[in-house]
Amino acid sequence: MKLMALLLLLWHSTLWTMQDAAPLGLASSLPPSFLLKCLEQVRKIQADGAQLQERLCATHKLCHPEELVLLGHSLGISQAPLGSCSSQALELTNCLSQLHSGLFLYQRLLQALAGISPEITPTLDLLQLDVADFATNVWQQLEDLGVTLTGPPTQSPMPTFISAFQRRAGGVLVGSNLQSFLELAYRALRYLAQP
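Because the structure is a prediction, the values reported are computed rather than measured. (Residues numbered from 1 in each chain as written. Predicted model: local features only at pLDDT ≥ 70, side-chain atom pairs only at ≥ 80, totals over all residues. Heavy atoms only, no water.)

**Brief notes about the state of the cysteines**
Line of reasoning, step 1. Applying the stated criterion to the full structure yields 2 disulfides.
Line of reasoning, step 2. Residue Cys57 pairs covalently with Cys63 via a disulfide, S to S 2.0 Å. Because the torsion about its S-S bond is 90°, the bridge between Cys57 and Cys63 counts as right-handed. Both residues of the pair, Cys57 and Cys63, count as buried.
Line of reasoning, step 3. Should the bonded cysteines of the chain be numbered as they appear in the sequence, the pairing reads 1-2, 3-4. (Disulfide = S-S within 2.5 Å. Buried < 20%, exposed > 50% of the residue type's maximum accessible area, 1.4 Å probe, protein only.)

Here it is, written out as structure tokens:
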């Protein structure tokens, strides 16, 4: 029942943000193989993220991200923007750059959760690897498009967890924010994959 409520909340928050992701008006110049791989990676990361949230709910009874939002603000858990992919005037390289920056942020946030709990560590490790792989894929495509990337995106300070509860609550919030980010990314990539 609690898991269903969490999924309903995620669906509702995704629906709310998807209103901002209205029509994207750009003919894609990306290789279909890149787009299909990205769509596959998004679905895999979404499944990994859902598994992380289910484990945190089952193991530590942290099932409601909305109850942890204030704690997330005090810890400095940020949410990556993806506005360049949802605007009316979508610019491909800006969208991909923002997607890469967001993935890099979530990769760092997931690293900050290291040591969350022995039961959850394998799921967290898999999620980190999948996010890193997706970020690398986007980075390589940007290079193929001739976009000069000087290095990793600007790094904001990572949250510091002073208790096991904060780390676990951070895991719920990072997972929830990552899911919202991926919903917008999936929508943009699916649009770009259309003929």
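Still more to cover.
**Details of the side chain of Ser117**
Line of reasoning, step 1. Considering the arrangement of structural elements, one finds Ser117 in the loop between helix 4 (92–112) and helix 5 (121–144).
Line of reasoning, step 2. Relative accessible area serves as the criterion here: at 4%, Ser117 is assigned to the buried category.
Line of reasoning, step 3. A distance of 3.3 Å separates the side chain of Ser117 from the side chain of His60, its partner in a polar contact.
Line of reasoning, step 4. With residues up to four places along the chain from it excluded, the contact list for Ser117 reads His60 and Arg168. (Helix = DSSP H or I, 4+ residues; strand = E, 2+ residues; numbered from the N terminus. Polar contact = N/O pair within 3.5 Å; in protein donor to acceptor, adjacent residues only side chain to side chain. Contact = heavy atoms within 4.5 Å.)

**Concerning the pattern of salt bridges**
Line of reasoning, step 1. Evaluated as defined, the whole model comprises 2 salt bridges.
Line of reasoning, step 2. In this structure, the salt-bridge partner of Lys44 is Asp48, at a minimum N-O distance of 3.6 Å. Here the residue Lys44 and the residue Asp48 both occupy positions in helix 2 (residues 32–60), the gap between them amounting to 4 residues, near one helical turn.
Line of reasoning, step 3. A relative accessible area of 5% places Asp48 in the buried class. (Salt bridge = Lys/Arg side-chain N within 4 Å of Asp/Glu carboxyl O.)

**A word on the environment of His60**
Line of reasoning, step 1. Positionally, His60 belongs in helix 2.
Line of reasoning, step 2. In this structure the C-alpha to C-alpha distance between His60 and Phe165, which are 105 residues apart in sequence, comes to 8.9 Å.
Line of reasoning, step 3. Beyond its immediate stretch of four places on either side in the chain, His60 contacts Arg55, Ser117, Glu119, Ile120 and Arg168.
Line of reasoning, step 4. Polar contacts involving the side chain of His60 include one to the side chain of Arg168, which spans 3.4 Å.

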